[in-house]
Amino acid sequence: MFKKIILCFIAVALVSAQSFGQQKDISKMTRADIMAMSYEELAELPIEDVMQLTKILGISLDEFYEMLLNKDVTSASKKAESSFESPLSTTVLSYDEIVASGARNIQEALRLVPGVIVREKTNGNYDIHIRGNNNIPDDNLTVYTENSMTLVMINSRPVYNYINGGTFWESLPVDFADIDRIEVVRGAASALYGANAVTGVINIITKTPDSEDLQVFGQVQGGNVGSYMGSLSVGQNIGKFGYRVSGNYQKMNRTTDKLYVFDNDSLMSKEDVANPNFRFKSAASSWFSVWNQNKSIDDWYKDTETAVDRLGANLSLYYNLSDDINFSLSGGYQNSYVTSSSFGDPAVSATAREMNGFYADFIAKAKGLTLQANVQKGTQDIVRGDQGFKADNTNFNLSAEYDFILGNLNVRPGIYYQYALYDDTPYLDEEPVDGKYTKGYLNGDVSIKSTAASLRVDYKALDDKLRLIGGLRAEKFNVNDDVYLPFQFVASYNLNNKHMIRGVVSRANRGPFMVESYSNYLWDREGVRPMPLKMKFSGNKEQKLANMTMFELGYRVRPVRNLLVEVEAFSTITKDFGCLLPESMTAFVHVDSMVANVNLPQVGTVFTTKQPAPAPAIPNAVDLKYQNIDVEAHQTGVTLNLEWVATEKLIFKAFGTFQKTQLKNHVCYNNSTIITDMTTLAAVNASQGKGVVGQGIDNYFVTPFKAGVQQQLAAGGMQQIETGLTQRILIQKLVEAGMSQEQAAIHSVEMMKTSSAEVQQAAAAAHLLAEQAEIEATGIPSAIAEQQFNAEVYDQTLQQLQGMGLVQYDGRYKKETIDHKATPSFFGGFSLNYTPIEKLNIYASGNFYSKQTYKTSNGTFEVDPKFTMNCKISYKVWKDNAVFVNARNAFGDKKREFAWMDETKGYYLLGFDIKF
Amino acid sequence: MKKICFLVIGLFFVIHNVANAQDEKFKALFIYNFTKYMEWPEVKHSGDFKIGVLGSSPITNELKAFTAKKTVGEQKIVVEEIMAIADCPKYHIVFVPTKASSNVAEVTKNVAGRGVLVVTDKQGLAASYSGINFVKADGQQSFEISVKHIQEQGVSAGKSLLSLGIKVD
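Residues numbered from 1 in each chain as written. Chains lettered and ligands numbered in written order. Predicted model: local features only at pLDDT ≥ 70, side-chain atom pairs only at ≥ 80, totals over all residues. Heavy atoms only, no water.

### Quick look at helix H16 (residues 791–803) of chain A
Residue and element names in this part refer to chain A.
So, step 1. With 13 residues, H16 should reach 18 Å at 1.5 Å per residue; the first-to-last C-alpha distance of 18 Å fits that figure.
So, step 2. Looking only at H16, the buried set comprises Tyr794, Asp795, Leu798 and Leu801. The buried residues of H16 all sit within an arc of 135° when viewed along its axis, so they share a single face. Facing away from the buried surface of H16 by more than 90 degrees, the exposed residues are Gln796, Gln800 and Gly803.
So, step 3. If you check the start of H16, you find a side-chain oxygen 3.0 Å away from the backbone N of Glu792, and it comes from Asn790. (Helix = DSSP H or I, 4+ residues; strand = E, 2+ residues; numbered from the N terminus. Expected span 1.5 Å × (residues − 1). Buried < 20%, exposed > 50% of the residue type's maximum accessible area, 1.4 Å probe, protein only. Arc of directions from axis to C-beta. Polar contact = N/O pair within 3.5 Å; in protein donor to acceptor, adjacent residues only side chain to side chain.)

Below, the structure is given as structure tokens:
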């Protein structure tokens, strides 16, 4: 076999050499032929031929430069124009460059785009933000680290996730073989694209067959960390008709099969996480298992090793009636499973999501009219296994726009309708009572609809050098009474396609999504989590939508034909953020420490235990509601981009963004802290005789307390209670003995699993005891008090109480301006595309970002500065078909790129690019 | 961060050099071709045929690559770096790179009537000093030629060369 491969290579080399050696007609030579000539061959040519060679080189070089430095783009003005003329900050990533780069999926390819921050969560799953504004608000749920303010589209069809906002990248049905180019517009662009185009737009444009010959594109590759993937696209035109069919598959494993447990700050196996003996580390929660024993961890994960497992299939049909009348109809299917950062709030950082769905997209273009209608229907389970997170969804979009060209004036009116429907009831494990469900987040079918109209006026003057653009859109949603009016004004001046200066003022808004509008969820925590016993999550249809006002100045220059330099300076103000915050609560007050006597029939009391931390008040039930917060993000920054076609063989790109973001009117958004403060103030109010509602409340409190003791007994807790050797103490002792916290956490589980025969017997006895025991509880709380949360009132009240020496208060509800550290102050990258000989291509690229600090309700996480180096080397074995080796994160830097997610690894792959 | 900056700057210079090398290669090819289309006075027909480059320039190595084992008539072609302008008269061709263009007046003064073709690489120099000057026209590498200056330098150009270059006088 090996000999055959060698012989094949030799044959290919001989054929190449023979064809190279043939005397060629100078006028028919290509740039590649000329570049491949030796000094000896060149020196033999008469000067007339040398002149002709330079002519060939000169003309094709111009075309070459234009192709690389001035690509066509449609997303910035909704019609084709050169990227140099683009009135907005725009980058076009071509199929050829994506493939050459070695990126393994669309998300990773975005590392090649200026102004985009791409951070790996688990192998093949990435966090993607344009310019930043991530992790706002801080200190709250992890889900607010997701990007809900960038509009991702495939052929202008939004692939937005309306359940929580943002994009489930793995659910895109397309892959590289489908893609013609990816267009990225940085900055607020809702006037053009509607809601969610706040920080920018990523429009994935798929290939359209342009030949009657069969056109095939594809790639297969496989490597370490269980990575293998492939995509293939076949298409051609047949007369006025055309078709393209494609498929893709991707499988990548995580770099670990363990799960990070927040409370214990350690990685643990799935089995250990689910072990009922494994308790939370913190004293307040140490009564409870890390894993809710009412839920099976096997429902949550197919396995904890898989990072990405997805497939997609697409079929597109085209009919070109004439040059300016054409139609396309595309449809497809996708199915995906990933393990990535959780959309819920479990004890572990990574959970699985699973989704599938079909789509159909129809586009008709006739003269100036563009009509587009599309529908997507599927199922999204965003926290697999956790009831309430799974829903069926239907998204429908309809748009009609017309281009009127009146001399130098281009007027483009448009009308739009969007409809998104989600229904979680088919997946709720309950029979409705009076038609009502209670176990879901939505508990019904809910919808978001919007109708909109837009007008865009584009005027050119002074021989097309001066361009003035005004765009306005009016959009009305069914869940909000306001009419949103995003706008965009641009003035640009293009001097001989060498200098281009532009200024942009625009405003854009996010759209509403299901959870924030319709949440209707009761989290019953009795017996599985510490107080409060119940937490109610409510949506808010009247919440204002987050919006950004942007000022941008841009300058593009091509000092020489083969060099493009771009500078974009931007200043943005983003406000009307929203998040889930406590609105009101009830608390038990005047509580003595709870005492339980564990009695055995005919024996009497065998031991007494008590609530570990007597408290002046204990939260009972908390109502949390999605609501606007006053924080504003003020960002200023500059992005530099340089693209240099040094020679046909060598293309260099470098880009970087410096930015600074300040959060004004910032207060504490930590729900736990707020609930604690509400509890404290409830106690203070109660002690002053205010807000107290005396009730017979023992069942609210004693029952779960008894349940906790029962659970403790059943888990062999008698032994632990009697000896005081709780796991928490065990960990503490191991740490004292010199183990790290993480090692101690893991080791303690092993010790508990493999305990001595005496302990095993005691555990068996404990189970018996738990079945027979009667538990008497005393020390019942005396009242229930209510509290309403208001940050400004709390700031004043807590200051007063601090003055009275009753509380310690750090001013957490005082509005202040702080530096936002979750967006790196500097991020960027470079690429070097080198083709030393026609068949060999080397593409090296690097990405870097400075330090970042994430803050969520799970704590603070520092992401260290990181530089990632990638390289793909490919060799064409037949026409444009190439074998390649590919190294991602080539130096194997392990540093985590996203809070509490997986360490990274070097990913090394072998593969084959197909193109003919 | 410093390492990254150094890396980027380093790459920038590497690429800059590679890009220039491509241009220099074709200029060197032209200079070699000039030897085929020019005539030098009898006094310059003995010894090596010497091409000098004023100061350090990547074109020197390109010229050496093209002229290795090549001759002009019986004269072996030798490429050297010129360290002092006073040495210019002993060469057959003196190339003045762009960065050394400020010296071109002194060079032409030194070589006047001494059988030395002065080739430059800066817009407008053929009109004022050099016999041949490289230019780019519509992205294509070409050259300006001054019959007057070539004659003043004691060299003569063949008709075919004159027809290919852009005459400035």
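From this point, things continue past the structure.
### Quick look at the pattern of salt bridges
All names here are of chain A.
So, step 1. As enumerated under the stated definition, the model contains 46 salt bridges over all chains in all.
So, step 2. For Glu897, the salt bridge is made with Arg111, and the minimal N-O distance between the two is 2.7 Å. Linking Glu897 in the loop between strand S46 (881–888) and strand S47 (907–915) with Arg111 in the loop between helix H6 (106–109) and strand S4 (116–122), this pair joins segments that are 786 residues apart in sequence. As far as the burial class goes, Glu897 and Arg111 line up, both buried.
So, step 3. Residues Arg131 and Glu552 are paired through a salt bridge, measuring 2.6 Å at the closest nitrogen-oxygen approach. You can see Arg131 sitting in the loop between strand S5 (125–130) and strand S6 (150–154) and its partner Glu552 sitting in strand S29 (residues 547–557), a full 421 residues away along the chain. (Salt bridge = Lys/Arg side-chain N within 4 Å of Asp/Glu carboxyl O.)

### Some thoughts on the pairing of strand S5 (residues 93–96) of chain B
Residues and elements named next belong to chain B.
So, step 1. Going residue by residue along S5, you find Ile93 and Phe95 tucked away on one face and Val94 and Val96 tucked away on the opposite face as well.
So, step 2. Judged from the three bridges that link them, strand S2 (residues 49–54) and S5 form a sheet pairing that is parallel. Bridge assignment links Val53 to a residue of S5, and that residue is Phe95.
So, step 3. Read as a crossover between parallel neighbours, the route from S5 over helix H3 (residues 104–111) to strand S6 (residues 117–120) is right-handed. (Pairing = 2+ DSSP bridges. Right-handed = clockwise from strand over helix to strand, strands pointing away.)

### A closer look at the domain arrangement of chain A
Residues and elements named next belong to chain A.
So, step 1. For chain A, the domain assignment lists domain 1 (2–69), domain 2 (79–257 + 303–510 + 545–576 + 632–665 + 829–896) and domain 3 (583–626 + 669–816).
So, step 2. The interface is formed by nine residues belonging to domain 2 together with six residues belonging to domain 3.
So, step 3. Interface of domain 2 and domain 3: buried area, both sides summed, is about 660 Å²; carbon and sulfur atoms make up 41% of it.
So, step 4. A per-residue breakdown of the area domain 2 buries against domain 3 is headed by Asp139, Asn140 and Asn665, which together make up 56% of the total.
So, step 5. Between the two partners, domain 2 and domain 3, sit zero salt bridges.
So, step 6. Our enumeration of links across domain 2 and domain 3 arrives at two residue pairs in polar contact (both at pLDDT 80 or more).
So, step 7. Partitioned by chemical class, the residues of the side of domain 2 that touches domain 3 number three nonpolar, three polar and three charged. (Domains from an automatic or database assignment. Contact = heavy atoms within 4.5 Å. Buried area = accessible area lost by both parts, 1.4 Å probe. Nonpolar A, V, L, I, M, F, W, Y, C, P; charged D, E, K, R; others polar.)

### Quick notes on the pairing of strand S4 (residues 75–82) of chain B
All names here are of chain B.
So, step 1. Examined bridge by bridge, S2 and S4 share six bridges and lie parallel to one another. Following the sheet pairing, Lys50 is matched in S4 by Val78.
So, step 2. Direction of pairing for strand S3 (residues 71–72) relative to S4: antiparallel, over a ladder of two bridges. Residue pairing for S4: Val72 is matched across the bridge by Gln75.
So, step 3. Connecting S3 to the antiparallel partner S4 that follows it, the hairpin turn spans two residues, and Gly73 within it adopts a positive phi of roughly 65°.

### Quick notes on the nonpolar core
The nonpolar side chains of a soluble globular protein tend to be buried with one another.
So, step 1. Membership of the largest hydrophobic core comes to 103 residues, with the highest contact counts inside it found for Val273 and Met514 of chain A.
So, step 2. When residues of this core are assigned to their parent elements, the largest contribution, eight residues, is made by helix H11 (residues 671–687) of chain A.
So, step 3. When residues of this core are assigned to domains, at least three map to each of domain 2 (79–257 + 303–510 + 545–576 + 632–665 + 829–896) and domain 3 (583–626 + 669–816) of chain A.
So, step 4. If we ignore the near neighbours within four places in the chain, the residues touching Val273 of chain A are Leu259, Val261, Met268, Val290, Trp291, Ile297 and Val348 of chain A.
So, step 5. Grouped together as the second largest cluster of nonpolar side chains are 45 residues, Ile31, Ile145, Leu161 and Leu162 of chain B included. (Core = buried A, V, L, I, M, F, W, Y, C linked by side-chain atoms within 4.5 Å.)

### Things to note about unusual backbone geometry
All names here are of chain A.
So, step 1. A cis amide bond links Ile136 to the next residue, Pro137, at an omega of 0°.
So, step 2. Turning to its location among the elements, Pro137 is positioned in the loop between S5 and S6.
So, step 3. Here the phi dihedral of Ser156 falls at roughly 70°; this positive angle occurs in a residue that is not glycine.
So, step 4. Topologically, Ser156 is positioned in the loop between S6 and strand S7 (157–158).
So, step 5. Backbone geometry at Asn496 places phi at a positive 55°, although glycine is not the residue there.

### Details of the state of the cysteines
So, step 1. By the definition in use, this model includes zero disulfides over all chains.
So, step 2. The thiol of Cys668 of chain A is unpaired, and the distance to the nearest cysteine sulfur, on Cys579 of chain A, comes to 10 Å. (Disulfide = S-S within 2.5 Å.)

### Brief notes about the environment of Gly378 of chain A
Residue and element names in this part refer to chain A.
So, step 1. Residue placement: Gly378 occurs in strand S18 (residues 369–381).
So, step 2. Linking Gly378 and Leu455, residues 77 residues apart in sequence, is a C-alpha distance of 33 Å.
So, step 3. With sequence-adjacent residues up to four places away left out, Gly378 is seen in contact with Asn356, Gly357, Ala391, Asp392 and Asn393.

### Some remarks on the sheet that holds strand S10 (residues 166–167) of chain B
So, step 1. The sheet built from eight strands is open, its strands ordered S3-S4-S2-S5-S6-S7-S8-S10 (chain B) with mixed pairing. With one partner strand each, in any of the chains shown, S3 and S10 of chain B form the two edges of the open sheet.

### Some points on the packing of H11 of chain A against H16 of chain A
When two helices pack together, their arrangement is captured by the angle between the axes and the distance separating the axes.
Residues and elements named next belong to chain A.
So, step 1. One way to put it is that H11 packs onto H16 with a least axis distance of 12 Å and a crossing angle of 60°. Here H16 runs oblique to H11, going by the angle between their axes. The two elements H11 and H16 cross, and the hand of that crossing is left-handed. On the side of H11, the interface is formed by Asp677, Met678, Leu681 and Val684, while H16 contributes Tyr794, Thr797, Leu798 and Leu801.
So, step 2. Broken down by class, the residue content of the contact of H11 with H16 amounts to six nonpolar, one polar and one charged. (Axes fitted to C-alpha atoms, helices over the stretch in contact; angles between N-to-C directions. Parallel < 35°, antiparallel > 145°, perpendicular 65-115°, else oblique. Left-handed = near helix turned anticlockwise from the far one by under 90°.)

### Focus on the packing of aromatic side chains
So, step 1. As enumerated under the stated definition, the model contains 39 aromatic pairs over all chains in all.
So, step 2. Ring geometry for Phe30 of chain B against Phe143 of chain B: centres 5.7 Å apart, planes inclined by 65°, an arrangement best described as edge-to-face. Here the residue Phe30 of chain B occupies a position in helix H1 (residues 2–37), and Phe143 of chain B occupies one in strand S8 (residues 140–145), the gap between them amounting to 113 residues.
So, step 3. You can call Phe30 of chain B buried: its relative accessible area is 0%.
So, step 4. Judged by relative accessible area, which is 0%, Phe143 of chain B ranks as buried.
So, step 5. The side chain of Lys872 of chain A reaches across the aromatic face of Phe884 of chain A, ending 4.0 Å from its centre. (Phe/Tyr/Trp six-rings, centres within 6.5 Å; stacked < 30°, edge-to-face > 60°. Lys NZ or Arg CZ within 6 Å of the ring centre and 35° of its normal.)

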